[in-house]
Amino acid sequence: MTSHITNIVSQNPATHGDGKGAQGPFQTFIPGSTPPPGLPGRCIWPPLRRVVCNGLGLLLAIAAFGPMSLVRAQEYTFATLAGSAGQSGTDNGTGNGARFNYPTGVAADNAGNAYVADGDSHTIRKVTPGGVVTTLAGSPGSSGPNDGTGSAARFLAPRKLAVDSAGTVYVADTGNATIRQITPGGVVTTLAGSPLNYGTNDGTGSAAQFTNPTGVGVDSAGNVYVADTGNHTIRKVTPAGVVTTLAGSPLNYGTNDGTGSAARFFYPFGLGLDAADNVYVADTANNTIRKVTPAGLVTTLAGLPGYNGTNDGTSTAARFNSPYGLAVDTAANVYVADSFSHTIRKMTPAGVVTTIAGSPLYAGSNDGPGSVAQFNSPRGVAVDTAGNVYVTDSLNHTLRIGRPPPPIIVASSLARTNGQFSFTIQSLPGSAVEIHASPDLSNWSSIATLTNLTATAAFSDPATNFQRRFYRLRQL
């Protein structure tokens, strides 16, 4: 069997047929005994490629948001959403017209807005999906502990943040040693801790103490979890401001797994939660990723304490180099801003670690897919419900966005048995994919929706006795 690759036209956004000017994230698969009807050999948007296998008469077209090959079909593609590489500042604006000053934390809400802890500006910024940047709270260049609304509030080197389903933003106000919350209207209050009063005390509200709290996350019940970096502990804060120590022993660092105070951390900086309220921790100085159950049981998922590096691998075979930021998606995949490696890593629930973007130990600012993209000390990472990955690229003073790979049909799976076509779909875990079919590349109908996918899913077309049939996929 031989194959060749040629371009075909893109998809028409109005008719959902194939034609110029498409914008839908579709992939088209055309099995059959003859090539498709005569099509122009040019692609406008998105680029489509077809692979015709002469022996079977099968055609596979991959639709993407940029030039793509089969090898790159499952790579994230990163772009700069806001800010200008190497240009620090405090300006609001759109895209590269905005400025940040050492942004270190990011969180994403259900509407696709990103919130940024702009550390050296002492402000919290909001970035829309269109890249429009505004200041939600704080006054650029003015630090302090004040509660208040919008620019009347003050922060001191805020490093990380989280957002709940109601749009309330929680901030680790690192320099003030407090945990703050911000309503969607910009009203800032102090949930726990006493400004500049460092310590280890559990307690309620201002009676509690933190030492350089950095990572923060929120569960479905509104409890806030804190990586209390200087104390080497993980703390829990109820909605009423009651603070307890979930795991670790204050001021005692180490590598031990265990329950509660028997466990040890070493300057943990980032954390995130899964749907079961397990806490995942970027244990920065240990170069490991840890997991803390709601009962306080701590285990090491990936990395080897005391050993830094850039190796991908499973569990202790993987290496990290100052993992600083961490986020968890709906399928319990963990995303890590591996700061000193200048890369973004991904760990599956099975502990398999891969590098999804950046080139290890090479700093830069390039946009692009996979290892073409470059970062300069990324410190924060977040993932939204659509699978987009947000990165605060701290020393570039930018906010980057990584768009997930589109669903694809696995070429080696294409089959036709007793007049029925079947194939395997590869997609993001936990995602949903809609399958369309057409007899002629012009008239399309939805024939199935697959939900809550794992990495791959098998599909058989219920229709039979087609000599030629066209398929396309759409990520929901």
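Above this text is the structure in question.
Draft legend 1. The arrangement of the side chain of glutamine 209 in detail. Relative to the elements of secondary structure, glutamine 209 occurs in the loop between β16 (203–204) and β17 (213–218). Since its relative accessible area comes to 11%, glutamine 209 is described here as buried. Engagement of the side chain of glutamine 209 in a polar contact is seen with the side chain of asparagine 197, the distance being 3.1 Å. Those residues in contact with glutamine 209, other than ones at most four positions away along the chain, are Asn197, Tyr198, Gly199, Thr200, Asn201, Asp228 and Arg235.

Draft legend 2. Representation of the pairing of strand β25 (residues 297–302) in the model. As defined by bridge partners, strand β21 (residues 258–259) adjoins β25 across two bridges and the pair is classed as antiparallel. Across the sheet, residue glycine 258 finds its bridge partner in β25, namely valine 298. Direction of pairing for strand β24 (residues 288–292) relative to β25: antiparallel, over a ladder of four bridges. Looking at β25, one finds that arginine 290 is bridged to threonine 300. Between β24 and β25, which pair antiparallel in sequence order, lie four residues; one of them, glycine 296, sits at a positive phi of approximately 90°.

Draft legend 3. The arrangement of the packing of aromatic side chains in detail. Applying the stated criterion across every chain yields a total of seven aromatic pairs. A centroid spacing of 5.3 Å and a plane angle of 90° characterise the contact between phenylalanine 78 and phenylalanine 375, whose relative ring orientation is edge-to-face. Pair noted here: phenylalanine 78 is in strand β5 (residues 77–82) and phenylalanine 375 is in the loop between β31 (368–369) and β32 (378–383), with a separation of 297 residues, a long-range link. Residue classification places phenylalanine 78 among the buried positions, given a relative accessible area of 1%. Residue class for phenylalanine 375 comes out buried when judged on its relative accessible area of 0%. Ring plane angle 15° and centroid distance 4.5 Å describe the contact between tyrosine 253 and phenylalanine 266, whose orientation is recorded as stacked. With tyrosine 253 in the loop between β20 (242–247) and β21 and phenylalanine 266 in the loop between β21 and β22 (268–273), this residue pair connects regions lying 13 residues apart in the sequence. Cluster of aromatic residues (ring-pair linked, three or more members): Phe421, Phe423, Phe459 and Tyr471. A cation over a ring is seen here: arginine 290 above phenylalanine 265, with NZ or CZ 5.0 Å from the ring centre.

Draft legend 4. The arrangement of the sheet that holds strand β30 (residues 352–357) in detail. Taken in spatial order, the five strands line up as β26-β30-β29-β28-β27 in an open sheet, and their pairing is antiparallel. The outermost strands of the open sheet, each flanked by one partner alone, are β26 (313–314) and β27 (323–328). Pairing of β26 with β30 involves two bridges; the strand directions are antiparallel. From the neighbouring strand, glycine 313 faces β30, where its bridge partner is valine 353.

Draft legend 5. Spotlight on the environment of asparagine 465. Within the secondary structure layout, asparagine 465 lies in the loop between β40 (456–460) and β41 (470–475). Its relative accessible area of 64% is what places asparagine 465 among the exposed residues. The spatial distance from the C-alpha of asparagine 465 to the C-alpha of glycine 419 is 4.3 Å, given a sequence separation of 46 residues. The residues touching asparagine 465, leaving out its near neighbours within four places in the chain, are Asn418 and Gly419.

Draft legend 6. Molecular detail of unusual backbone geometry. The phi dihedral of asparagine 287 is positive, around 60°, even though this residue is not glycine. Looking at the element boundaries, asparagine 287 is found in the loop between β23 (279–283) and β24. We note that leucine 361 has phi near 70°; this positive angle belongs to a residue other than glycine. Structurally, leucine 361 can be placed in the loop between β30 and β31.

Draft legend 7. Quick peek at the pattern of salt bridges. The full count for this structure, using the stated rule, is 14 salt bridges. Across the salt bridge formed by arginine 159 and aspartate 120, the nearest N and O atoms sit 3.7 Å from each other. Taken together, the positions of arginine 159 in the loop between β11 (148–149) and β12 (160–163) and aspartate 120 in the loop between β8 (114–118) and β9 (123–127) put the pair 39 residues apart, joining distant regions of the chain. In this structure arginine 159 comes out as buried when scored by relative accessible area, which is 17%. According to the relative accessible area criterion, aspartate 120 is partly exposed, its value standing at 37%. With a shortest N-O distance of 3.0 Å, arginine 180 and aspartate 147 are connected by a salt bridge. Of this pair, arginine 180 sits in strand β14 (residues 178–182) while aspartate 147 sits in the loop between β10 (132–137) and β11, and the two are 33 residues apart along the sequence. Look at arginine 180 and you get buried, because its relative accessible area is 0%. Accessibility expressed as a relative area gives 39% for aspartate 147, which makes it partly exposed.

Definitions and cut-offs
- Residues numbered from 1 in each chain as written.
- Predicted model: local features only at pLDDT ≥ 70, side-chain atom pairs only at ≥ 80, totals over all residues.
- Heavy atoms only, no water.
- Helix = DSSP H or I, 4+ residues; strand = E, 2+ residues; numbered from the N terminus.
- Buried < 20%, exposed > 50% of the residue type's maximum accessible area, 1.4 Å probe, protein only.
- Polar contact = N/O pair within 3.5 Å; in protein donor to acceptor, adjacent residues only side chain to side chain.
- Contact = heavy atoms within 4.5 Å.
- Pairing = 2+ DSSP bridges.
- Phe/Tyr/Trp six-rings, centres within 6.5 Å; stacked < 30°, edge-to-face > 60°.
- Lys NZ or Arg CZ within 6 Å of the ring centre and 35° of its normal.
- Salt bridge = Lys/Arg side-chain N within 4 Å of Asp/Glu carboxyl O.

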